[in-house]
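Spelled out, the chains give:
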Amino acid sequence: MLPKIHKQGNPGRPIISNHGTLTEEISGFVESILKPLVTHRASFVQDTTDLLRKLKNIDHLPSKTLLATMDVTSLYTNIPHQDGIQACLTYLQEQDYNPEYRPKVITELIHFILTHNNFTFNNQHFLQMMGTAMGTKMAPQYANLFMSHLEEDFLQNCTIKPLLYLRYIDDIFIIWSENLQSLIEFHQKFNSHHPSIRLSLEYFSTNIPFSDTMISIQKGKIQTTVYKKPTDQHTYLHRTSNHPKHTKKVVIYSQALRYHRICTEENALQFNKEKCKVLHLGRKNVQHTYSLGNDLLGGMEVERDLGVLVDSKMNMSRQCDEAIRKANGTLSCISRCMTNRSKEVILPLYRALVRPQLEYCVQFWALQFKRDADNLERVQRRATHMVKGLQTKPYEERLEKLDLFSLHKRRLRGDLVAAYKFITGAQKGIGEYLFTKAPPRVTRNNGHKLAESRFRLDIRKNFFTVRVARVWKGLPREVVLSPTLGVFKRRLDEHLAGVI
């Protein structure tokens, strides 16, 4: 039972799998015969791209044009066997067919499929007497042909017809150029045309959703944009899933392509204007005002992006204070909850819960001031001081006993490892052009030395690409020319052995 959470009352949709049943292969064969017949119907809509193609050249619509949609109530389970088979037979006889697959043979196979949908539920055996099961392969094509036969029979006898009539299985889209009363009469007549088929009607003069497209009329032309149901949670693929990277990338690409195709206007993608703010950087910023459409965007002093606080001064002190506050809070919780202060208890908790908060995305929010670096180091001093038997030892000795590095050394090591990945091409597409190699005449035949950029403002001296280039040139040649990342880390640790 599949609940329809987007409808009032959350009605259930019963679906019986056809896999491994008597009619599975037969249903697949019948589907291959019926599918070409469906695509030739005038009202047929294959997908959103097909819908947009059919709406593309519609213009010069009257000012009182209405947009309407009709939905067939429980189409699959309300198709009488005789009417559905007769519709298929009619279209089979109109087409050129293989002599081996005569229309009568195909309709007999359809009848066999429809009358052999039996299943067990709650220790009771059931046989479907009317309609078609949703889980069988031929069901969509069978329902399409039945609706095509029904609507063609109805429309040819109508005195007032829609300007455009399109249908995706049981969802119907209409452009109605007459008055509202004639549309209501059209719906009432259609509703009474078949005893078991009932259609609901919605109409608007401005815009209306159909499938994943919001269709509107502006200046006599059809305009489209993306429509999202209220229940849409945008849950496509979790970023931590084990899917390949190209699969995760194509999710973003496909959604961007979908928006590009559906939106007729370049700026039709709607932004949440309440979340659009302006952050002015620099002391001499004249602080211009910016607008999105007709709405002025508000200013702000600090913004959080990917968990990092960025303020107008770009000195990262706020981010440092925030990281220290969270880490100290976690340390306090550990201190209150843990009576055992041994190395085996405190050290794993510190490494797992406290240190990641001090080092999250630290390559980006590089410390600008010595006081911020000292405040960060003070958190690790406090954590090592909690270990039983080390309270009276100096900080450097506590680090040695616990096999820890200072946070300064860890940041330095992390910067150099990241730089090695970029320079050697281990992370292609992420930062291949971050660094520029120095000319050979300056490097004494060491092709891996980096060119240092010149800058006017001191704030740039702590940028990742600048501070790494400054340290990189002091590395020994055997470290820089390491063949693999593992060898580089080992040689780098040997070189930094004297750094606390």
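Residues numbered from 1 in each chain as written. Predicted model: local features only at pLDDT ≥ 70, side-chain atom pairs only at ≥ 80, totals over all residues. Heavy atoms only, no water.

**Comments concerning the state of the cysteines**
To keep it simple, the criterion reads: What counts as a disulfide here is a pair of cysteine sulfur atoms lying within 2.5 Å.
If you walk through the whole model with that rule in mind, you get zero disulfides. Cys-320 takes part in no disulfide bond, and the closest cysteine sulfur to it belongs to Cys-361, at a distance of 14 Å.

**Considering the side chain of His-194**
In plain terms, the rule: Elements are defined by DSSP. Helices are runs of H or I of four residues or more, strands are runs of E of two residues or more, and each kind is numbered from the N terminus. For this analysis, a polar contact is any N or O atom pair within 3.5 Å, provided that within protein one partner can donate a hydrogen and the other can accept it, and provided that sequence-adjacent residues contribute only side-chain to side-chain pairs. We call two residues in contact whenever any of their non-hydrogen atoms come within 4.5 Å of each other.
Assignment of secondary structure puts His-194 in the loop between helix H6 (180–191) and strand E8 (199–204). For His-194, the side chain forms a polar contact with the side chain of Ser-196, separated by 3.1 Å. Discounting residues that sit within four places of it in the chain, His-194 has contacts with Pro-80, Asp-83, Phe-146 and Leu-150.

**Some words on a nonpolar patch on the surface**
Applied cut-off: Surface patches are drawn from residues lacking salt bridges whose relative accessible area is over 30%; two like charges belong together within 9 Å, two nonpolar side chains (Val, Leu, Ile, Met, Phe, Trp, Tyr) within 5 Å. Here, Shrake-Rupley sampling with a 1.4 Å probe gives the accessible areas, and only protein chains in the shown set may cover a residue. For this document, the term salt bridge refers to a Lys or Arg side-chain nitrogen within 4 Å of an Asp or Glu carboxyl oxygen. Note on exposure labels: buried denotes an accessible area under 20% of the residue type's maximum, exposed denotes more than 50%, and partly exposed covers the range between, all computed with a 1.4 Å probe on protein chains only.
Residues Leu-127, Met-129 and Met-130 make up a contiguous nonpolar surface patch of about 310 Å² in total accessible area. Met-129 sits in the exposed class, given a relative accessible area of 64%.

**Details of the pattern of salt bridges**
Counted by the stated rule, this structure contains 14 salt bridges. The residue Glu-359 makes a salt bridge to Arg-410 at a minimum N-O spacing of 2.5 Å. Note that Glu-359 is positioned in helix H9 (residues 343–359) and Arg-410 in helix H12 (residues 407–424), a separation of 51 residues in sequence. Here Asp-374 and Lys-370 are joined by a salt bridge, their closest N and O atoms 3.0 Å apart. Highlighted residues: Asp-374 and Lys-370, both in helix H10 (residues 370–385), separated by four residues, approximately one helical turn. In this structure Lys-370 comes out as exposed when scored by relative accessible area, which is 65%.

**Focus on the pairing of strand E11 (residues 221–226)**
The criterion, for reference: A pair of strands is labelled paired if DSSP reports no fewer than 2 bridges between them.
For E11, the tally of buried residues reaches five of six residues, placing the bulk of the element in the interior. Pairing of strand E10 (residues 213–218) with E11, which is carried by six bridges, proceeds in the antiparallel orientation. Each bridged residue has a counterpart across the sheet, and for Thr-213 the counterpart in E11 is Val-226. Hairpin connection between E10 and E11: a loop of two residues separates the two successive antiparallel strands, and Lys-219 in this loop has a positive phi of roughly 55°.

**So, the nonpolar core**
For clarity, the threshold we go by: Here, nonpolar core means buried Ala, Val, Leu, Ile, Met, Phe, Trp, Tyr and Cys residues that are tied together by side-chain atoms lying within 4.5 Å of each other.
With 41 residues, the main nonpolar core has Leu-75, Ile-110, Ile-172, Ile-174, Phe-186 and Phe-190 as its most contacted residues. Listing elements by their share of this core, those giving two or more residues are helix H1 (24–39), strand E3 (66–72), helix H3 (81–94), helix H4 (103–114), helix H5 (139–155), strand E7 (171–176) and H6. Here the element with the most residues in this core is H5; it accounts for nine residues. Counting 29 residues, the second largest nonpolar core, distinct from the first, contains Cys-320, Ile-324, Leu-347 and Trp-365.

**Some words on the pairing of strand E5 (residues 124–127)**
Where strand E4 (residues 118–121) and E5 come together, four bridges link them in antiparallel fashion. Counterpart to Thr-120 in the pairing with E5 is His-125. Counting the residues in the hairpin turn of E4 and E5 gives two residues, including Asn-122, whose phi is positive at 55°.

**A closer look at H6**
What counts is decided by this rule: One fewer than the residue count of a helix, multiplied by 1.5 Å, yields its expected span.
With 12 residues, H6 should reach 16 Å at 1.5 Å per residue; the first-to-last C-alpha distance of 17 Å fits that figure. Elements that come into contact with the buried residues of H6 comprise E3, H5, strand E6 (164–168), E7 and E8. The residue sitting at the N-terminus of H6 and contributing the capping side-chain oxygen is Asn-179; that oxygen lies 3.3 Å from the backbone nitrogen of Gln-181.

**Regarding the packing of helix H8 (residues 317–337) against H9**
Describing two packed helices takes the angle between their axes plus the distance from one axis to the other. Where we set the bar: Interaxial angles span 0 to 180 degrees and are taken between N-to-C directions of axes, which are lines fitted to C-alpha atoms, for helices over the stretch in contact. Under this scheme an angle from 65 to 115 degrees is roughly perpendicular, one under 35 degrees roughly parallel, and one over 145 degrees roughly antiparallel; angles in between are oblique. By definition, turning the near helix anticlockwise from the far helix through less than a right angle yields a left-handed crossing, and turning it clockwise yields a right-handed one. Basically, the charged four are Asp, Glu, Lys and Arg, the nonpolar ten are Ala, Val, Leu, Ile, Met, Phe, Trp, Tyr, Cys and Pro, and anything else, Gly included, counts as polar.
Following both chains from N to C, one finds H8 and H9 inclined at 160°, their axes separated by 8 Å at the closest point. When the interaxial angle is binned, H8 and H9 end up roughly antiparallel. As H8 packs across H9, the resulting crossing turns out to be right-handed. Between H8 and H9, the residues in contact are Ala-323, Ile-324, Lys-326, Ala-327, Thr-330, Leu-331 and Ile-334 and Ile-346, Leu-349, Leu-353, Val-354, Gln-357 and Leu-358, respectively. Residue classes in the contact of H8 with H9 are distributed as 10 nonpolar, two polar and one charged.

**Details of the sheet that holds E10**
Strand order in the open sheet formed by three strands is E9-E10-E11, and the pairing between neighbours is antiparallel. Two strands bound the open sheet, and with one partner strand each, they are strand E9 (207–210) and E11. Strand-to-strand twist of the sheet, defined as the mean angle between neighbouring strand axes without regard to direction, takes the value 30°. In terms of strand pairing, E9 meets E10 through four bridges, oriented antiparallel. Paired with Phe-210 across the two strands is Thr-213, which belongs to E10. The sheet strands contacting helix H2 (residues 48–55) are E9, E10 and E11, and the helix crosses E10 at an angle near 10°. Together, E10 and E11 form the strand contacts of helix H7 (residues 245–262), whose direction differs from that of E11 by roughly 165°.

**Observations regarding the sheet that holds E7**
In spatial order, the strands read E6-E7-E3-E8; together these four strands make up an open sheet with antiparallel pairing. Strands with a single pairing partner mark the edges of an open sheet, and in this sheet they are E6 and E8. Each strand of the sheet is rotated relative to its neighbour by a mean of 15°, with strand direction disregarded. Pairing geometry for E6 and E7, over five bridges, is antiparallel. Paired with Leu-164 across the bridge in E7 is Ile-175. Contacts from H5 reach E3, E6 and E7, with the element oriented near 160° to E6. Against the sheet, H6 contacts E3, E6, E7 and E8, and its axis sits at roughly 165° relative to E8.

**Side note on the packing of aromatic side chains**
Selection rule: Aromatic contacts are taken between Phe, Tyr and Trp rings whose centres are within 6.5 Å, Trp giving its six-membered ring; a plane angle under 30 degrees counts as stacked, one over 60 as edge-to-face, and the others as tilted. Ring-over charges, as used throughout, are those where CZ of Arg or NZ of Lys falls within 6 Å of the ring centre and within 35 degrees of the ring normal.
Across all of its chains, the model carries nine aromatic pairs by this definition. In textbook terms, an aromatic cluster arises when at least three aromatic residues are bridged by ring pairs, as seen for Phe-154, Trp-176, Phe-186 and Phe-190. Taking the ring centre of Phe-369 as reference, the NZ or CZ of Arg-371 above it sits at 4.6 Å. Lying across the ring of Phe-405, Lys-409 places its NZ or CZ 4.0 Å from the centre.

**Structural notes on the side chain of Arg-398**
Under the convention used in this document: Charge assignment in this entry is limited to Lys and Arg as positive and Asp and Glu as negative, and neither His nor the chain termini are counted.
With respect to the helices and strands, the residue Arg-398 is situated in helix H11 (residues 395–402). We note that Arg-398 is buried and unpaired, the nearest opposite charge coming from Glu-396 at a distance of 7.5 Å. Looking at Arg-398, its side chain comes within polar contact range of the main-chain oxygen of Arg-381, at 3.4 Å. Beyond its immediate chain neighbours, meaning those up to four positions away, Arg-398 contacts Arg-381, Thr-384, His-385, Leu-390, Gln-391 and Lys-393.

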